[in-house]
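Observations on the model geometry
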Amino acid sequence: MRRRLAWWTALPLALAPAVANAQAPAPADTPVPAPAPTSVPAPAETDELVEFSAEQVTYESQSDVLTASGAVRMERDGNYVAADQVVWNRNTGEVRAIGNVVVMNPEGDKFVGENVVLTDTLRDGTVDNLLVVLESGGRIAATRGRRAGDLTILENAIYSPCPVTTETGCPRNPSWAVTAAQVVYDPKAQRVRFRGGRMQIFGVTLPLLPIFSLATGGEGGGISGFLVPDISLSQGRGFEVALPYYHRIGPNRDFTVTPHVYTKLLPGVEAKYRELNRLGAFQLGGFLTYGRVERLTELGEPTETGEKGVRAYFEANGKFQLDPLWSITGSTRIASDKTVTRRYDITQDDRLRSFVNAERISPNSYVSIAGWAFEGLRVNDVQERIPIALPAIDARFRLDPPILGGTLELQANSLAILRIEGQDSQRAFASAQWNLRRLTNWGQEVTFTGYARGDVYHTNISDSAEIPLYRGEDGWHARGIGALAADVEWPFVGPLFGGTQRLTPRVQLVLTPPTPNLDIPNEDARSVDLEDSNLFALNRFPGYDRWEDGSRITYGLDWSYERPNLAITSTVGQSYRIVKRGGIFPEGTGLADRASDIVGRTRIRYGRLIDLTHRYRVDKDSLAVRRNELDLTVGGEETYAQIGYLRLNRDIDETIEDLRDKEELRAAARIKFAKNWSVFGATVIDLSDQKEDPLSVSDGFEPVRHRLSIDYEDDCIALGVSWRRDYERVGGFDEGSTFSFRVSLKGLGR
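Criteria and cut-off values
- Residues numbered from 1 in each chain as written.
- Predicted model: local features only at pLDDT ≥ 70, side-chain atom pairs only at ≥ 80, totals over all residues.
- Heavy atoms only, no water.
- Helix = DSSP H or I, 4+ residues; strand = E, 2+ residues; numbered from the N terminus.
- Contact = heavy atoms within 4.5 Å.
- Areas by Shrake-Rupley, 256 points an atom, 1.4 Å probe, with all protein chains shown as cover.
- Core = buried A, V, L, I, M, F, W, Y, C linked by side-chain atoms within 4.5 Å.
- Buried < 20%, exposed > 50% of the residue type's maximum accessible area, 1.4 Å probe, protein only.
- Phe/Tyr/Trp six-rings, centres within 6.5 Å; stacked < 30°, edge-to-face > 60°.
- Lys NZ or Arg CZ within 6 Å of the ring centre and 35° of its normal.
- Salt bridge = Lys/Arg side-chain N within 4 Å of Asp/Glu carboxyl O.
- Pairing = 2+ DSSP bridges.
- Patch = residues over 30% accessible without salt bridge, like charges linked within 9 Å, V, L, I, M, F, W, Y side chains within 5 Å.
- pLDDT = per-residue confidence, 0-100.

**Quick word on the overall build of the protein**
- Along the backbone of the protein there are three helices and 44 strands.
- Contacts in the protein between residues far apart in sequence, at least 24 positions, make up 47% of those at least 6 positions apart.
- For the protein, the computed accessible surface area is about 38600 Å², with 57% contributed by carbon and sulfur atoms.

**Let's talk about the nonpolar core**
- Counting residues in hydrophobic clusters, the biggest one holds 44 residues, and the most contacted among them are Ile140, Leu154, Tyr159, Trp176, Val183 and Phe194.
- Formed by ten residues, the second largest nonpolar core is a distinct cluster that contains Ala525, Val528, Ile584 and Leu591.

**Brief notes about unusual backbone geometry**
- Along the chain, leucine 390 connects to proline 391 via a cis peptide bond; the corresponding omega equals -5 degrees.
- Structurally, proline 391 is set in strand β27 (residues 388-398).
- With an omega of 15 degrees, the peptide bond running from aspartate 400 to proline 401 counts as cis.
- Structurally, proline 401 is set in the loop between β27 and β28 (407-418).
- Positive phi, close to 55 degrees, is recorded for aspartate 64, a residue that is not glycine.

**Examining the packing of aromatic side chains**
- In total, this model carries 17 aromatic pairs according to the counting rule given.
- Taking the centre distance of 5.1 Å and the plane angle of 45 degrees together, the rings of phenylalanine 287 and tyrosine 344 count as tilted. In this pair, phenylalanine 287 is assigned in strand β22 (residues 280-296) and tyrosine 344 in the loop between α2 (340-343) and β25 (351-362), connecting sequence segments 57 residues apart.
- You can call phenylalanine 287 buried: its relative accessible area is 6%.
- The rings of Phe202, Phe673, Trp677 and Tyr712 are connected pair by pair, giving a single aromatic cluster.
- One cation-aromatic arrangement involves arginine 453 over phenylalanine 429; the distance from NZ or CZ to the ring centre is 4.6 Å.
- Geometry around phenylalanine 536 places arginine 506 over its ring, the cationic atom sitting 4.0 Å from the centre.

**Here we look at the environment of alanine 478**
- Here alanine 478 is to be found in strand β31 (residues 475-489).
- Between the C-alpha atoms of alanine 478 and alanine 428, which are 50 residues apart in sequence, the distance is 9.7 Å.

**Thoughts on the pattern of salt bridges**
- All told, the structure shown has 44 salt bridges when counted by the stated rule.
- Glutamate 629 serves as the salt-bridge partner of arginine 627, at 2.8 Å between the closest nitrogen and oxygen.
- Using a relative accessible area of 14% as the deciding quantity, one classes arginine 627 as buried.
- Classification of glutamate 629 by relative accessible area gives buried; the value is 14%.

**A closer look at the pairing of strand β21 (residues 268-276)**
- Bridging between strand β20 (residues 253-262) and β21 involves eight bridges; their strand directions are antiparallel. Directly across from threonine 256, in β21, lies its bridge partner lysine 272.
- With antiparallel pairing between neighbouring strands as the criterion, β20 and β21 make up a hairpin whose turn holds five residues.

**Let's talk about the pairing of β28**
- Relative to β28, β27 is paired through nine bridges, and the arrangement is antiparallel. Along β28, the bridge assignment pairs arginine 396 with glutamine 411.

**Description of the environment of arginine 343**
- Structurally, arginine 343 is set in helix α2.
- Looking at arginine 343, the relative accessible area reads 18%, which means it is buried.
- The spacing of arginine 343 and arginine 237 is 106 residues in sequence and 7.6 Å in space, taken between C-alpha atoms.

**With respect to the environment of arginine 198**
- Positionally, arginine 198 belongs in strand β13 (residues 198-201).
- Taking C-alpha positions, arginine 198 is 6.4 Å from alanine 180, a pair spaced 18 residues apart along the chain.

**Let's talk about a nonpolar patch on the surface**
- Residues Leu484, Val507, Leu509, Leu511, Tyr555, Tyr576, Ile578 and Val579 make up a contiguous nonpolar surface patch of roughly 660 Å² in combined accessible area.
- With three residues, the single largest contributor to the nonpolar patch is strand β33 (residues 499-511).
- Judged by its relative accessible area of 54%, leucine 484 is exposed.

**Some details on the confidence of the model for the protein**
- Looking at the protein as a whole, the pLDDT averages 84, with 86% of positions reaching at least 70.
- Here residues 1-47 is a poorly scored stretch, pLDDT under 50, and it has 69 contacts once near neighbours within four places are set aside; other chains count.

Below, the structure is given as structure tokens:
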């Protein structure tokens, strides 16, 4: 039975009639009186009520003791008690729960014991042989414990967030735990404080500070405190220790400061601030130190100048959603000099990018107003010659309803490229593109395209551009661009070897008149290369500054085959320029002659075990392989091997830096050799030589980087030892070897 009754002063009076009616007659020595209801004082407040249920209730009037037995359940103000028996002494106010006792507080933490003594508020009390099951999943076991207000104080206790049983229910030792003479648990602050604590990791005992505390996590987002330190050893910095301190400012803001101590360098400090508000999220970070500033020689060697100063790095990024359509995204990365990021292992990038972008996105329109800036960290980078793009405006609108049965998209674009020293350029254009897609009665898919664009360009100091092919001519320039295209695909589907194959011939015709190109500067269309992804593009240049004029026909073949656990896709194609127009494509790109090179791609997947992709470009005359790219993955998520190979043999003029040849081998593997143990290794090897790239310093087999790590991870702890060796000289530094030790104790809040 279940009643909602006034608290303990009224409980025996109200329950007596119900017990008398529901149970067998009580023994003679256990009277069950039924006083008049008028003697029951009315509760003053509704919070004095309790949810109560039990199989049997007896009341001893002489000693004023109430005993509830059999699946006793009671709840008051979010405090819940379950036990085999509950004895309440009205004279002393003591409530004793006996047998399979579970006490749960409003935060969701469970207190498990055999003999629990509580006050009549169900909040405070003591318990022997206590087990506390925290809402976050952690457990605290103690010989004795007591609750006082919001605090739980435990004697001779052990704490661990790890499971203490296996999946089959057998007992197991936790991966890590903390033992202490006294443990104080504060559910409001979500913190466990230890006095005289020691940490045990895989049975090895480590001493802690006399007073030590841990966060229990949960939904509160963590609390302030020190995090697990990072330890590493490297050739350039020596032995390094970083000890992060996390400060939780609020539920939506936090701040982390990390001192770094080195044996070969002066100390530094790293900081990061994060915030989430009603508009969006952003974070600020940086690194600050004091030391000798290195300069790079013409050969890229770092040399100490003798001068000392502040060395710093700053980064920030975030996104704000101003309304359902408009948003602002930004990111910035700035370094005080070319060598600070490499010297202190902040980043391996050789260029730092900063941008801000305001966007408006709707189902039929897109508007972007952006600005871009870059900082070069390579030896030959001259910051004054690196471009700044401001503003970069792009707007696109798709008109609805369709026009002449097709979709019409309008675009307006403007870009200004500024340099402190060197060529400046500005452009603006407006375009319209119309597409109509139809299916014929024979199953062909036909797409008609019409394109028109008008450009205006202005440039000055063009003679300062290092590559003549890109510089254009000073002054104002205007051009008109037009194109008509028809694209036909005809799929054929049929059975093959128990599966289904699909063969799709494809033909595209593009008609476009001669278009001025070389008198306009080329800032965004430099890295042109024919491949399967742009074979049927209307313009094979990657940007807007160059337009592929001259009418052409493109033809290709797509083939696919599917059956259970096996899928194969393949494509091959070539284009032929009807009108010969030379000069805009560099030799070696595969597009310089009337007939292009042959490009293709093949992908083979066998279930989730094998995934092989091969991309290639074959010379149309000699059949020499100009591009050979292979990516292979074998294995699953836990154990796998990856191999990648790339060779670009295009014989492009070495002065065109965006299209240099290279040959590279990449390999990586992860092996899970035990339930929780794995080993990972990766390598990148430069196979280029001076025959392929006259500017290369490789001898044909030059390691770029190696990685090796051994890791252990279970549901409670993750730790690993890793070795990294970087041979690549970015910013003039040969990083050498770096050893790192990583420990992550799961179940800790931040």
